[in-house]
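The primary structure of each chain is shown beneath.
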Amino acid sequence: MAKDSTVQTSDNQVQEEARSQLHYSNLTVERPRMHLLDKPDCFVGAMAKSNLTHQMHYSIELLEDELLQAENPHVITLKIAYEEPLDIFDEDEGNWVVFTGSQRSVREVVRNEEPIRWKLYADGIRVASGTGDFARQCFEKDEREFLETCKAAVLAANLRENTVREYELLRCVCAMVTQGC
């Protein structure tokens with residue numbers, strides 16, 4: 001009898017020690033995997049390209065190229081916010097990061113934090129806006145879902161058709177404004 005109680009006591013001590021060693025501050029929830037429109041070539045590339053901001057920016061680059069090839073060119077701009085505004089009535093308040101579809105040579109801001117909000121502009125007119133969660137859900141569903149959503153918003157806006165010359169001028173002006181020139 002004494003032998004069984006000793007075994008039971010040592011089992012209880014082992015369980016107590018295991019519980020005391022658990023660190024509840026390290027609990028995480030795994031999200032569904034994002035489908036990447038811009039496929040990585042290597043491990044380091046995968047770290048950068050698996051970023052939601054990068055995928056959103058790459059999507060608008062492709063959208064601008066697709067519209068240009070379809071002879072319906074528009075300058076596409078994406079504004080991304082990483083924090084909530086202090087004044088809930090002023091949605092433009094806060095730090096917005098601006099990306100245009102034509103900024104291929106400009107160094108992209110890669111942040112570890114998730115975007116909270118985004119706005120999509122075509123030729124300077126806001127055609128869509130949403131949350132970072134919505135954008136992530138698009139990429140979890142399909143790699144082109146966000147791009148197709150943005151494309152539908154641009155086409156639904158019924159913007160004036162630009163000539164290639166007008167598109168090039170708008171793109172240059174937009175690049176100067178977003179780079180602070």
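Residues numbered from 1 in each chain as written. Predicted model: local features only at pLDDT ≥ 70, side-chain atom pairs only at ≥ 80, totals over all residues. Heavy atoms only, no water.

### Describing the packing of aromatic side chains
This model, assessed by the stated rule, comprises 3 aromatic pairs. Judged by centre distance (5.2 Å) and plane angle (75°), the rings of Trp118 and Phe146 are edge-to-face. Separated by 28 residues along the polypeptide, Trp118 in strand β3 (residues 117-122) and Phe146 in helix α5 (residues 145-156) bring together distant segments of the chain. In this structure Trp118 comes out as buried when scored by relative accessible area, which is 3%. Overall, the relative accessible area of 0% leaves Phe146 in the buried class. Aromatic rings pair up to connect Trp118, Phe134, Phe139 and Phe146 into one cluster. (Phe/Tyr/Trp six-rings, centres within 6.5 Å; stacked < 30°, edge-to-face > 60°. Helix = DSSP H or I, 4+ residues; strand = E, 2+ residues; numbered from the N terminus. Buried < 20%, exposed > 50% of the residue type's maximum accessible area, 1.4 Å probe, protein only.)

### Some remarks on the environment of Thr131
Within the element layout of this structure, Thr131 appears in strand β4 (residues 125-131). Counting along the chain gives 16 residues from Thr131 to Pro115, while the straight-line C-alpha distance between them is 7.6 Å. In contact with Thr131, other than residues within four places in its own chain, are Ile116, Arg117 and Trp118. Within the structure, Thr131 has its side chain in polar contact with the backbone nitrogen of Phe134 (distance 3.1 Å). (Contact = heavy atoms within 4.5 Å. Polar contact = N/O pair within 3.5 Å; in protein donor to acceptor, adjacent residues only side chain to side chain.)

### So, α5
Compared with the 16 Å implied by 1.5 Å per residue over 12 residues, the 16 Å span of α5 between its first and last C-alpha is a close match. Inspection of α5 places Phe146, Leu147, Cys150, Ala153 and Val154 among the buried residues, and these make up the whole buried set. Projected onto a plane normal to the axis of α5, the buried residues spread over an arc of 125° and lie on a single side. Positioned one or two residues after α5, Asn158 has a phi angle of 50°, which is positive. (Expected span 1.5 Å × (residues − 1). Arc of directions from axis to C-beta.)

### Some details on the pattern of salt bridges
Overall, the coordinates contain 6 salt bridges when judged by the stated rule. For Arg144, the salt bridge is made with Glu66, and the minimal N-O distance between the two is 2.7 Å. With a gap of 78 residues between them, Arg144 in the loop between α4 (132-141) and α5 and Glu66 in helix α3 (residues 52-69) connect regions that are remote in the sequence. Taking relative accessible area as the criterion, Arg144 reaches 28% and is therefore assigned partly exposed. Residue Arg136 is joined to Glu114 by a salt bridge in which the shortest nitrogen-to-oxygen separation is 2.8 Å. In this pair, Arg136 is assigned in helix α4 and Glu114 in the loop between β2 (96-100) and β3, connecting sequence segments 22 residues apart. (Salt bridge = Lys/Arg side-chain N within 4 Å of Asp/Glu carboxyl O.)

### So, the packing of α3 against α4
At a closest axis distance of 11 Å, the pairing of α3 and α4 adopts a crossing angle of 75°. As judged from the angle between their axes, α3 and α4 are roughly perpendicular. Within the contact between the two elements, α3 uses Leu52, Gln55, Met56 and Ser59 and α4 uses Gly132, Ala135, Arg136 and Phe139. (Axes fitted to C-alpha atoms, helices over the stretch in contact; angles between N-to-C directions. Parallel < 35°, antiparallel > 145°, perpendicular 65-115°, else oblique.)

### As for the pairing of β4
Regular strands show a simple pattern: their side chains alternate between the two faces of the sheet. Pairing between β3 and β4: 6 bridges, direction antiparallel. Its bridge partner lying in β4, Arg117 is registered against Thr131. Taking the residues that link successive antiparallel strands as the turn, the β3-β4 hairpin has 2 residues, and the phi of Asp123 there is positive, at about 55°. (Pairing = 2+ DSSP bridges.)

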